[in-house]
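These are the residues of each chain, in order.
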Amino acid sequence: MNKNIVVAIDGYSSCGKSTLAKALAKKLHFIYIDSGAMYRAVTLYFLRNQTDLNNHDLIIDALEHIDLNFHSRDYQSHILLNGEEVSEEIRQMPVSDNVSKIASIKEVRQAMVKQQQKMGKTKNMVMDGRDIGTVVFPDAQVKLFMTADPKIRAERRFKELSEKGEEVSLEEIFENIARRDYIDTTREESPLVRAKDAIILDNTNLSEEEQLAFAMEQLTPFLDKI
Ligand code: CDP
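Please read all numbers here as calculations on a predicted model, not as lab measurements.

(A) Quick peek at the overall build of the protein. A count of helices and strands for the protein gives nine helices and eight strands. In terms of C-alpha radius of gyration, the protein reaches 17 Å, essentially the compact-globule figure of 17 Å for 226 residues. Over its C-alpha atoms, taken along the principal directions, the protein stretches across nearly 50 × 40 × 35 Å. Taking all 226 residues of the protein together, 48% fall into the buried category. Counting only contacts in the protein whose residues sit at least 6 apart along the sequence, the fraction spanning at least 24 positions is 74%.

Quick look at the structure:
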């Protein structure tokens, strides 16, 4: 029996990982999992419950009360936090401002990685995040490491949030992205780093179609196994 295929997409904040991951999943009929949404949903839970982030016992206890589930509609990934759809709320600034701090907590990462590995055991899937090619699926057949000019990244996220009616400034987004990149790359627990065998994809000057074509080329050797 053929082993299932995993495409691991890692990279900096807001550089279009999920746009590419969704497009790939749609084209290949793979499952798409947005691992960042899981860290964001945990952050939302902690914010709502005002969990004391310095108390590790409380964190471990809280994690036991968090049930995360995905349901997929048109290859858009929707996340349920204890049964409640929170896909919109987790993209808003209060969560963005706190998620990297929470994602640096060892116990949180261990709980998320365990769930992610379970999801990728048997199904063909595309998963994006920060540690997918290094920690979650070190044996993924295809690994991409995405980056883009920070100014362009901030402009893209600004457009996305403005279109949803969120009142946020370009500067605020630029600072949030820079701060998250800093925390994500310097944390002790599985920092954002390119896996040795990950292919770099800088999409600063690429259209969505061009980056999809690039990713499909990397996948070509595996497509006859599907
Ligand atoms: O979409 P965007 O690039 O803004 O971020 P995201 O993928 O939603 O991830 C939000 C945050 O979750 C990141 O800044 C990381 O702090 C954390 N994260 C992580 O630590 N590990 C992952 N596999 C995915 C996300």
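(B) Local environment of the environment of Ala8. With respect to the secondary-structure elements, Ala8 resides in strand β1 (residues 6–11). Classification of Ala8 as buried rests on a relative accessible area of 1%. The spatial distance from the C-alpha of Ala8 to the C-alpha of Ile60 is 28 Å, given a sequence separation of 52 residues. Setting aside chain neighbours within four positions, we find Ala8 in contact with Met127, Ile132, Gly133, Ala140, Val142, Lys143 and Leu144.

(C) Structural view of the environment of Arg109. Tracing the sequence through the fold places Arg109 in helix α5 (residues 106–119). A relative accessible area of 3% places Arg109 in the buried class. Sequence separation of Arg109 and Leu80 is 29 residues, and the distance between their C-alpha atoms is 18 Å. Excluding residues within four positions of it along the chain, Arg109 makes contact with Tyr39, Ala103, Asp131, Arg187, Glu189 and Ser190. Within the structure, Arg109 has its side chain in polar contact with the side chain of Tyr39 (distance 3.3 Å).

(D) Spatial organisation of the packing of aromatic side chains. Applying the stated criterion across every chain yields a total of two aromatic pairs. Ring geometry for Tyr12 and Phe145: centres 5.7 Å apart, planes at 80°, overall edge-to-face. Residue Tyr12 is found in the loop between β1 and α1 (17–28), and its partner Phe145 is found in strand β7 (residues 142–147); the two are separated by 133 residues along the sequence. Exposure remark for Tyr12: the relative accessible area of 24% places this residue in the partly exposed category. Both rings, one in Tyr45 and one in Phe46, keep their centres 6.3 Å apart while their planes meet at 65°; by these two values the pair is edge-to-face. For Tyr45, a relative accessible area of 15% puts it in the buried group.

(E) Structural detail: the site of the ligand. Close to the ligand lie 20 residues, the nearest being Ser14, Arg40, Arg109, Asp131 and Asp184. In this structure, the ligand is accommodated by the largest pocket. Looking at the shell around the ligand, the element that brings in the most residues is helix α2 (residues 35–48), giving four residues. For the shell around the ligand, a count of residues per class yields four nonpolar, six polar and ten charged.

(F) Region of interest: the sheet that holds strand β2 (residues 31–34). Spatial strand order, β2-β6-β1-β7-β8: five strands in an open sheet with parallel pairing. Across the chains shown, the open sheet's two edge strands, defined by having one partner strand only, are β2 and β8 (199–202). The average undirected angle you get between the axes of adjacent strands in this sheet is 20°. Sitting on the sheet, helix α9 (residues 208–223) is in contact with β1, β7 and β8, with an inclination near 160° to β7.

(G) The arrangement of the sheet that holds strand β3 (residues 68–73) in detail. An order of β3-β4-β5 is seen for the three strands of this open sheet, with the pairing classed as antiparallel. A single partner strand is all that each edge strand has here, and the edge strands are β3 and β5 (84–85). Relative to strand β4 (residues 76–81), β3 is paired through six bridges, and the arrangement is antiparallel. Considered in β4, the bridge of Ser72 is made with Ser77.

About the criteria used
- Residues numbered from 1 in each chain as written.
- Predicted model: local features only at pLDDT ≥ 70, side-chain atom pairs only at ≥ 80, totals over all residues.
- Heavy atoms only, no water.
- Helix = DSSP H or I, 4+ residues; strand = E, 2+ residues; numbered from the N terminus.
- Rg over C-alpha atoms; globule rule 2.2 N^0.38 Å.
- Buried < 20%, exposed > 50% of the residue type's maximum accessible area, 1.4 Å probe, protein only.
- Contact = heavy atoms within 4.5 Å.
- Polar contact = N/O pair within 3.5 Å; in protein donor to acceptor, adjacent residues only side chain to side chain.
- Phe/Tyr/Trp six-rings, centres within 6.5 Å; stacked < 30°, edge-to-face > 60°.
- Near = heavy atom within 4 Å.
- 1 Å grid on protein atoms, 1.4 Å probe; cavity = no way out; pocket = protein on both sides within 12 Å on 5 of 7 lines; lining within 4 Å.
- Sits in = over half its atoms within 2 Å of the grid points.
- Nonpolar A, V, L, I, M, F, W, Y, C, P; charged D, E, K, R; others polar.
- Pairing = 2+ DSSP bridges.
- Axes fitted to C-alpha atoms, helices over the stretch in contact; angles between N-to-C directions.

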